[in-house]
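Fold and contact review
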Amino acid sequence: MSQNIKKGFLLSFIGVFAITFDTLLLRLLTEDLDFWTILFYRYMIYTLVSFSYNLKYLGLNIFKEIYKTGRLGLGCISTLTICNFCFIASVENTNVYNLLMIYSTSPILTSIFSYITFRQKLFWWNIFTLFSATLTTILILYFNIDEETKFSKKENIIGIYFAIGATITTSIYFTIVKYSEIKYPENKMVTTTFSSGFLTSFISFILTLTVDKHNFYIPKMDVLYLIIQGGVILPVCYICVTQSLKYISSTESNLMFLLETILGPLWVYLGGFEKIPNLNILGIFLIVSFLSFNGIMTIKFGN
C-alpha cells in the first residue's frame, strides 16, 4: 500500500472517528431548544472555524478558489446544505440507531452514483451489498416502527425519511468531490465545506427570525456542546474526509463511516439517552458485515 493511500485512509479515519461523538452531543442539548436555533449556532461556529482553516492555506485567494469550483462546487454546497438540515431533523425525530443504520448504506450508494456519473467500476459484490444492506434496513425498521420509545410512530417515520435524505445527499456529495478530483484536480473542493456551513447558518438565521420570533437564547451548557460540535467535530470531519478523496476512492473513504454506525449509538447508549434494541444490534452487525465485505472486495479486487 502506497504512502498516499495510507494518508487517505488515515485522514478518513480521523474525520469519521471525530463525527462518531456528534449524535451524543446533539442528545446532550436541552430538549426544548429550537431546531432552527441549533442549526444556526452549530453551523455559524463551524463556518468560522472552517473559513479560518481555508484562509490560512489559501489566503485572499479563497473566494477565487470557491468560484473556480464552478457547477461542481455549487453541487457540493447544495447537497451538503440539504444534508445538514436532514441530519439534524432526523436526530430530532427518531432514535440514533435508526438514523445511523440508514446512513451506513451511503458507501454502497456512492458506488452506484460513481458508476452512473463517471463509470467507476461496479462489481457483483457492490450490487449484492446494496440489495442485502437495503433489505436488512427495511426489515429492521419495519419491525421496530411501533416500538415504544420517546418518539411516536409518526415522528419515527418522519425521522427515517430525513435519514434517507441525509444518506442520499451525502453520497452525492462524495461522488461530486471524487469526480472533481479526477476531472479537475486543481480545484480546491475543500472550500465548499465552509460555504455549505455558511448557507445552512444563514437560512437558519432567517427562519429563526420568522418562525421562532427572534429567540436566539441558549443555556450555557448548550453553548459548550455547540462549540464542540461546530468548532471541533464538524471541521475535523468534513475537512479530513474531503481531503482524503485526493488519495483514495469515494467508496473507500465513505466506508469509514461504518465507525459512526457502530460507535455513534454506543456513545448515546453509554450517555444514558437510548437503549439499543436487540433487533437493531443484529441489523447493525449484518449491515457492517455486508459493507465490510464490500469494502474488502473493492480494495482487493476492484482497483
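What counts as what
Residues numbered from 1 in each chain as written. Predicted model: local features only at pLDDT ≥ 70, side-chain atom pairs only at ≥ 80, totals over all residues. Heavy atoms only, no water. Axes fitted to C-alpha atoms, helices over the stretch in contact; angles between N-to-C directions. Helix = DSSP H or I, 4+ residues; strand = E, 2+ residues; numbered from the N terminus. Parallel < 35°, antiparallel > 145°, perpendicular 65-115°, else oblique. Left-handed = near helix turned anticlockwise from the far one by under 90°. Contact = heavy atoms within 4.5 Å. Nonpolar A, V, L, I, M, F, W, Y, C, P; charged D, E, K, R; others polar. Salt bridge = Lys/Arg side-chain N within 4 Å of Asp/Glu carboxyl O. Buried < 20%, exposed > 50% of the residue type's maximum accessible area, 1.4 Å probe, protein only. pLDDT = per-residue confidence, 0-100. Phe/Tyr/Trp six-rings, centres within 6.5 Å; stacked < 30°, edge-to-face > 60°. Patch = residues over 30% accessible without salt bridge, like charges linked within 9 Å, V, L, I, M, F, W, Y side chains within 5 Å. Areas by Shrake-Rupley, 256 points an atom, 1.4 Å probe, with all protein chains shown as cover. Expected span 1.5 Å × (residues − 1).

For the pair helix 1 (residues 3-19) and helix 11 (residues 220-244), the least separation of the axes is 8 Å and the interaxial angle reads 155°. Regarding the angle of helix 1 to helix 11, the classification is roughly antiparallel. The hand of the helix 1/helix 11 crossing is left-handed. Listed contacts from helix 11 to Gly8, Leu11, Ser12, Ile14, Gly15, Val16, Ala18 and Ile19 of helix 1 are Ile233, Leu234, Val236, Cys237, Cys240, Val241, Gln243 and Ser244. Looking at side-chain class alone, the contact of helix 1 with helix 11 contains 11 nonpolar, 5 polar and no charged residues.

With that settled, the discussion passes to the pattern of salt bridges. Within this structure, the stated rule accounts for 3 salt bridges. Residues lysine 68 and glutamate 65 are paired through a salt bridge, measuring 3.8 Å at the closest nitrogen-oxygen approach. Of this pair, lysine 68 and glutamate 65 both sit in helix 4 (residues 62-68), 3 residues apart, which is roughly one turn of the helix. Using a relative accessible area of 39% as the deciding quantity, one classes lysine 68 as partly exposed.

With their axes 9 Å apart at the nearest point, helix 1 and helix 13 (residues 258-270) run at an angle of 25° to one another. With respect to helix 13, the axis of helix 1 lies roughly parallel. Helix 13 is crossed by helix 1, and the crossing has right-handed handedness. In contact with Phe13, Val16, Phe17 and Ile19 of helix 1, helix 13 contributes Leu259, Glu260 and Leu263.

This part covers the confidence of the model for the protein. Of all residues in the protein, 93% attain a pLDDT of 70 or more, and the chain-wide mean is 83. Confidence scores differ between elements of the protein, with helix 12 (residues 250-255) showing the lowest mean pLDDT of 67 and helix 5 (residues 70-93) the highest of 92.

Right, let's get into the side chain of threonine 23. Position of threonine 23 relative to the elements: it lies in helix 2 (residues 22-28). Those residues in contact with threonine 23 that lie beyond four places of it in its chain are Phe87, Val91, Val96, Leu100, Gly264 and Val268.

Attention now moves to the side chain of serine 195. Turning to its location among the elements, serine 195 is positioned in helix 10 (residues 191-211). By relative accessible area, serine 195 is classed as buried at 12%. Aside from chain neighbours lying at most four places away, what touches serine 195 is Ile66 and Ile77.

Under the defined criterion, the tally for this structure stands at 17 aromatic pairs. With 4.7 Å between their ring centres and 75° between their planes, phenylalanine 35 and tryptophan 36 make a pair best called edge-to-face. For the pair phenylalanine 35 and tryptophan 36, one class covers both residues: buried. Measuring from centroid to centroid gives 6.0 Å for phenylalanine 128 and phenylalanine 290, while their planes differ by 90°, and the two rings are edge-to-face. With phenylalanine 128 in helix 8 (residues 124-144) and phenylalanine 290 in helix 14 (residues 278-301), the pair connects residues that are 162 residues apart, well separated along the chain. Look at phenylalanine 128 and you get partly exposed, because its relative accessible area is 39%. Aromatic rings pair up to connect Phe13, Phe17, Phe21 and Trp267 into one cluster.

All right, on to a nonpolar patch on the surface then. A cluster of nonpolar side chains, namely Phe131, Leu135, Leu139, Tyr142, Phe143, Leu279, Leu282 and Phe285, defines an oily patch on the protein surface of about 870 Å² accessible area. Breaking the nonpolar patch down by element, the ones donating at least two residues are helix 8 and helix 14. The element contributing the most residues to the nonpolar patch is helix 8, with 5 residues. Along the chain, the position of phenylalanine 131 falls in helix 8.

Spanning 13 residues, helix 7 (residues 106-118) covers 18 Å between terminal C-alpha atoms, matching the ideal 18 Å at 1.5 Å per step. Those residues of helix 7 not exposed but buried are Ser106, Pro107, Ile108, Leu109, Thr110, Ser111, Ile112, Ser114 and Phe118.

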